[in-house]
Amino acid sequence: MAANATVEEYMTCDVATVAPDDDVAEVSRRIVESDDYTGFPVTDGRKVEGFVSARDLLLADDNALIFTVMSEDIVVAHPDMKINDAARVILRSGIQKLPVVDDTGTLAGIISNTDVIRSQIERATPEKVGKLMSTLEEIHDIEVTEERRQVELAELTPTQSRVYADELQGRSYELEHGLAEPLVVIDNGGTLLLADGHHRVMAASRHGIEEMDAYLIVIDPDLKVELGMEQTADKEGLDTIDDIEVVDYARHPLIETTERLQDR
């Protein structure tokens, strides 16, 4: 489980670095041209000497060398550090990425706030799946099994008739940054019911994604079970994800609630 996971399990090992004698202009150019970097560990070989961020470079002369502007008093993580401890350091320090350094001071990788979020997602989703499996078994007096695999979006039967446009924006961001949770799908006699992840699916479809990672809760095909969510899908005419309505942002219940509070 992610709660006991270490930094080593989630860090990126292939780390872009700069050297102490690189100049400010070159490093600034690398930051501007990159979608992923707002700073770099400064290394001499693989020994970490400091860290240089975009803020460090802002007022520096283009010809200045990195060792003259880098931060030497830096916060680092260790490969054996618990991921939750790394999360606390990142949140409290406001640092987006921590160099990961071993006992000899050698750069082993880098851990980011995105990696930390991903670790928490991987912990939360199995817990959600476990609860749903227990509920199905108790209500219908059956046994179910769990699988983890890719599913084709075109094969999914939705169980929710609408999604909200504003939330699709957030789900699109998650997809683009590798933060989307796996879907939760119930396989009931070959019918793949989408139990959790309607906004993720719609966002993925808009991005032209045809398959997504999913936890499948599999019901014995010899025991076709009448599930309430399947009856709801039939009643509302939900056959494919194309039948899901995208509701305008202004009609989101959270927005309506906020507006009512403002009027008081």
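Residues numbered from 1 in each chain as written. Predicted model: local features only at pLDDT ≥ 70, side-chain atom pairs only at ≥ 80, totals over all residues. Heavy atoms only, no water.

Further remarks concern a negative patch on the surface. A cluster of like negative charges, contributed by D21, D44, E49, E72 and D73, occupies part of the molecular surface. One can find D21 in the loop between α1 (7-10) and α2 (24-33). (Patch = residues over 30% accessible without salt bridge, like charges linked within 9 Å, V, L, I, M, F, W, Y side chains within 5 Å. Areas by Shrake-Rupley, 256 points an atom, 1.4 Å probe, with all protein chains shown as cover. Salt bridge = Lys/Arg side-chain N within 4 Å of Asp/Glu carboxyl O. Lys, Arg positive; Asp, Glu negative; His and termini not counted. Charge placed at Lys NZ, Arg CZ, Asp CG, Glu CD. Helix = DSSP H or I, 4+ residues; strand = E, 2+ residues; numbered from the N terminus.)

Here we come to the sheet that holds strand β8 (residues 183-188). Pairing within the open sheet is mixed, and its five strands lie in the order β5-β10-β8-β9-β6. Each edge of the sheet is formed by a strand with only one pairing partner; in this case those strands are β5 (144-152) and β6 (156-158). Strand-to-strand, the axes of this sheet are offset by a mean angle of 40 degrees, without reference to chain direction. Bridge analysis of β6 against strand β9 (residues 191-196) gives three bridges, and the strand direction is parallel. Opposite L156, over in β9, you have L192 as the bridge partner. Contacts between helix α8 (residues 228-235) and the sheet are confined to β6, β8 and β9, with β9 contributing the most and set at about 100 degrees to the helix. (Pairing = 2+ DSSP bridges. Axes fitted to C-alpha atoms, helices over the stretch in contact; angles between N-to-C directions. Contact = heavy atoms within 4.5 Å.)

Looking now at the confidence of the model for the protein. For the protein, the mean per-residue pLDDT works out to 87, and 92% of the residues sit at or above 70. In the model of the protein, helix α9 (residues 253-262) stands out as the element of lowest mean pLDDT, 51, in contrast to β6, which has the highest, 96. (pLDDT = per-residue confidence, 0-100.)

Working note: regular strand, side chains alternate between the two faces of the sheet. Counting buried residues along strand β1 (residues 39-44), five of its six residues qualify, which places the element largely inside the surrounding structure. Pairing of β1 with strand β2 (residues 47-53) involves six bridges; the strand directions are antiparallel. Within the sheet, the bridge partner assigned to P41 lies in β2 and is F51. Between the end of β1 and the start of β2, which pair antiparallel, lie two residues, with G45 showing a positive phi angle near 70 degrees. (Buried < 20%, exposed > 50% of the residue type's maximum accessible area, 1.4 Å probe, protein only.)

With that settled, consider unusual backbone geometry. Of note in the backbone geometry, D141 takes a positive phi value of approximately 55 degrees without being a glycine. Structurally, the position occupied by D141 is in the loop between α5 (113-140) and β5. Of the residues examined, D141 reaches a relative accessible area of 71% and is grouped as exposed.

All right, on to the environment of A203 then. Checked against the element boundaries, A203 lands in helix α7 (residues 198-206). In the structure, A203 is positioned 36 residues away from E167 in sequence and 9.1 Å away in space, judged by C-alpha atoms. In contact with A203, not counting residues within four places along its chain, are L168, R171, S172 and L175.

Here we come to the packing of aromatic side chains. One pass over the full model with this rule turns up one aromatic pair. Seen in terms of ring centroids, Y37 and F40 are 5.1 Å apart; in terms of plane orientation they differ by 25 degrees. Their pairing is stacked. A relative accessible area of 25% places Y37 in the partly exposed class. Directly above the aromatic system of F40 lies the positively charged group of R30, at a separation of 4.5 Å from the ring centroid. (Phe/Tyr/Trp six-rings, centres within 6.5 Å; stacked < 30°, edge-to-face > 60°. Lys NZ or Arg CZ within 6 Å of the ring centre and 35° of its normal.)

As a further point, take α7. Among the nine residues in α7, seven count as buried, and that is most of the element. By the burial criterion, the buried members of α7 are H198, H199, R200, V201, M202, A203 and A204.

This paragraph deals with the pattern of salt bridges. A side chain of one charge can pair with a side chain of the opposite charge if their charged atoms are brought near each other. The tally for this structure, following the rule as stated, stands at eleven salt bridges. E147 serves as the salt-bridge partner of R149, at 3.5 Å between the closest nitrogen and oxygen. The class of R149 is partly exposed, set by a relative accessible area of 35%. In this structure, E245 engages R162 in a salt bridge whose closest nitrogen and oxygen atoms are separated by 3.7 Å. Taken as a pair, E245 in strand β11 (residues 245-247) and R162 in strand β7 (residues 162-164) lie far apart in primary sequence, 83 residues in all. Within the structure, one salt-bridge network assembled from shared partners comprises K128, E181, D196 and R200.

Let us now look at the nonpolar core. Ranked by size, the top nonpolar core spans 19 residues in total, and within it L153, L156, L183, V185, V201 and L216 carry the most contacts. Those elements that place two or more of their residues in this core are β8, β9, α7 and β10 (211-219). Not counting residues up to four positions away in its chain, the partners in contact with L216 are T145, E146, E147, R149, V151, V185, D187 and L192. (Core = buried A, V, L, I, M, F, W, Y, C linked by side-chain atoms within 4.5 Å.)

In this section: the side chain of T157. The topology assignment puts T157 in strand β6. Residue classification places T157 among the buried positions, given a relative accessible area of 16%.

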